[in-house]
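# Summary of structural features
Here is what each chain is made of, one letter per residue.
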Amino acid sequence: MNVQIIGDGNITNKNFNASFLINNNILVDSPPGVLKKLKSLDVNIDNITIIIITHLHGDHFFDLPFIILHEYSKKRTKPLFIIGPKELKKDLSKLIKLAFKNRLNKYLSKLNITFIDSANIQNHEVEEGVFLSSVRVNHGNLKNCYGFLLKKDNKSLSFTGDTEMCPGLTYLLKRSSHCIIDVNNSGNHLKLEQLENLIKEFPINYIPIHYPENLENKLSGLSNIKLIKSGEQFYL
Ligand SMILES: [Zn+2]
Ligand SMILES: [Zn+2]
């Protein structure tokens, strides 16, 4: 498996928002501006067959209307699967109405898009031999936030979405060799100190995202941490 980090920052800092691309075809989260960011990284949008939205905060899905508009204008025929919380289609339709004064159905009538509730993703074969499962995580009072586990042969990658310390997070860490982890260090997110304790308990490879710029030095000094910047890839 390969993972290209599209953004490792959060919405209020200069680094692009948390988003990444797995095996060149699974996009995780679509923060504001991600379509332009993908294009600037020469990512072929046509190759993206699955978009996973971890949860319905604006910094994770507000560019979805523009991705859909892009595919509509390109007359895409290839199927696109959008995996997210069960409220995603309703929220997306509101966004499209606000953004373009149009109905989502206008785009869905021409595009081959299937929405899948993250809750139903358990050992779902997303490409040959690659299996995806979801797990609920806690993120303040927002319902239906998910982390995910991706398995291929003996390789296992997890990603947390935005999360606090919770059973879903430790479930993922127990089952993966690499974890792309929210370290926003404030509010309803994982704190640096909690990450340090997790590294001791689960000494796997951690790829922090969604972190503030001022955390970069501290993170780079920790064991088991790989800082992967926007546009860079890692392999497992
Ligand atoms: Zn969030
Ligand atoms: Zn966020």
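On to the overall build of the chain. On a plain count of helices and strands, the chain comes out with eight helices and 13 strands. Against the compact-globule benchmark of 18 Å for 236 residues, the chain has a radius of gyration of 17 Å, which places it among compact chains. In terms of overall dimensions, the chain has C-alpha extents of about 50 × 40 × 35 Å along its principal axes. Classification of the 236 residues of the chain by burial places 40% in the buried group. Sequence-distant contacts in the chain: of pairs separated by 6 or more residues, those separated by 24 or more amount to 57%.

Of all hydrophobic cores here, the largest spans 56 residues; its most connected members are Phe 20, Ile 26, Ile 52 and Ile 181. With five residues, the single largest contributor to this core is strand 9 (residues 145-152). Ignoring anything within four residues of it in the chain, the contact list for Phe 20 reads Val 3, Gln 4, Ile 5, Ile 6, Val 28 and Ile 180.

This next bit is on the pairing of strand 7 (residues 124-127). Pairing between strand 7 and strand 8 (residues 130-137): three bridges, direction antiparallel. Directly across from Glu 125, in strand 8, lies its bridge partner Phe 131. In sequence, strand 7 turns back onto strand 8 through a hairpin of two residues, with Gly 129 there showing a positive phi of about 80°.

We now examine unusual backbone geometry. Its identity is not glycine, yet Asn 185 carries a phi of approximately 65°, on the positive side. Structurally, Asn 185 is set in the loop between strand 11 (178-182) and helix 7 (192-201). Positive phi, normally seen in glycine, also occurs at Asn 224, with a value near 65°. Here Asn 224 shows up in the loop between helix 8 (216-220) and strand 13 (233-235).

Reading the values: the criteria
- Per-chain numbering applies: the sequence of each chain, read as written, is numbered from 1 onward.
- Going through the entries in the order they are written, you letter the chains from A and number the ligands from 1.
- Owing to the predicted nature of the model, reporting of local features is limited to residues with pLDDT of at least 70; listing and counting of side-chain atom pairs is limited to 80 or more, with chain, interface and lining totals taken over all residues.
- The secondary structure listing takes helices from DSSP runs of H or I that are at least 4 residues long and strands from runs of E that are at least 2 residues long, numbered from the N terminus.
- With C-alpha atoms as the basis for the radius of gyration, the globule rule is written as 2.2 Å multiplied by the number of residues raised to the power 0.38.
- Backbone-placed C-beta atoms define the burial measure: a residue is buried with 20 or more other C-beta atoms within 10 Å of its own, exposed with 12 or fewer, and partly exposed in between.
- Contact criterion: two residues are in contact if their C-beta atoms, reconstructed from the backbone, are within 7 Å.
- Residues enter a nonpolar core if they are buried, belong to Ala, Val, Leu, Ile, Met, Phe, Trp, Tyr or Cys, and are joined to the set through C-beta atoms within 7 Å.
- Here the rule is simple: two strands pair whenever DSSP picks up at least two bridges between them.

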